[in-house]
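Single-letter residue listing:
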Amino acid sequence: MRAQPAASHYIGGAYVESPEGSAFDSIYPATGEVIARLHGADDATIEAAIAAAREDRSSGPQCLPRSAAGCCAGRRTSCASRTGS
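Now for a quick tour of the structure. (Residues numbered from 1 in each chain as written. Predicted model: local features only at pLDDT ≥ 70, side-chain atom pairs only at ≥ 80, totals over all residues. Heavy atoms only, no water.)

## Focus on the overall build of the chain
Summing up its helical and strand segments, the chain has two helices and four strands in all. Reading the chain from its N end, one meets helices and strands in the order β-β-β-β-α-α. The contacts of the chain with a sequence gap of at least 6 include a subset with a gap of at least 24, amounting to 41%. Per element, the accessible surface of the chain, about 6,500 Å² overall, is 57% carbon and sulfur. (Helix = DSSP H or I, 4+ residues; strand = E, 2+ residues; numbered from the N terminus. Contact = heavy atoms within 4.5 Å. Areas by Shrake-Rupley, 256 points an atom, 1.4 Å probe, with all protein chains shown as cover.)

See the structure below:
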């Protein structure tokens, strides 16, 4: 089984490799087989991820955790009414 991704990280809608980060094997626990070789994030990659997350958060809808929980509760009720549960 191989699961080698296009790159080790996905940041801001793009695959990003971080060759300066330390390399490590991703192991499939059921067999012990190495399924991918990845790189940990270096400082520049971490900073890029933080910047992308901040940008995404500032451009998206803002809601408090309580109001988000209310949205989820509403969805559960809606789904339950459709399935008869």
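Right, picking up where we left off after that structure.
## Quick look at the environment of Tyr28
You can see Tyr28 is positioned in the loop between strand S3 (23-27) and strand S4 (34-39). When sequence neighbours within four positions are dropped, the list of residues in contact with Tyr28 reads Met1, Glu33 and Ile35.

## Let's talk about the side chain of Thr45
Checked against the element boundaries, Thr45 lands in helix H1 (residues 43-59). Under the relative-accessibility criterion, Thr45 is labelled buried at 7%. The contacts of Thr45, once residues within four sequence positions are left out, are His9, Ile11 and Ser18. (Buried < 20%, exposed > 50% of the residue type's maximum accessible area, 1.4 Å probe, protein only.)

## Regarding the pairing of S3
In the case of a regular strand, side chains alternate between the two sheet surfaces. Taken together, the five bridges between S3 and S4 define a ladder with antiparallel strand orientation. Bridging across to S4, Ile27 finds its partner in Val34. Counting the residues between successive antiparallel strands, the hairpin from S3 to S4 contains six residues, one of them, Gly32, with a positive phi of roughly 80 degrees. (Pairing = 2+ DSSP bridges.)

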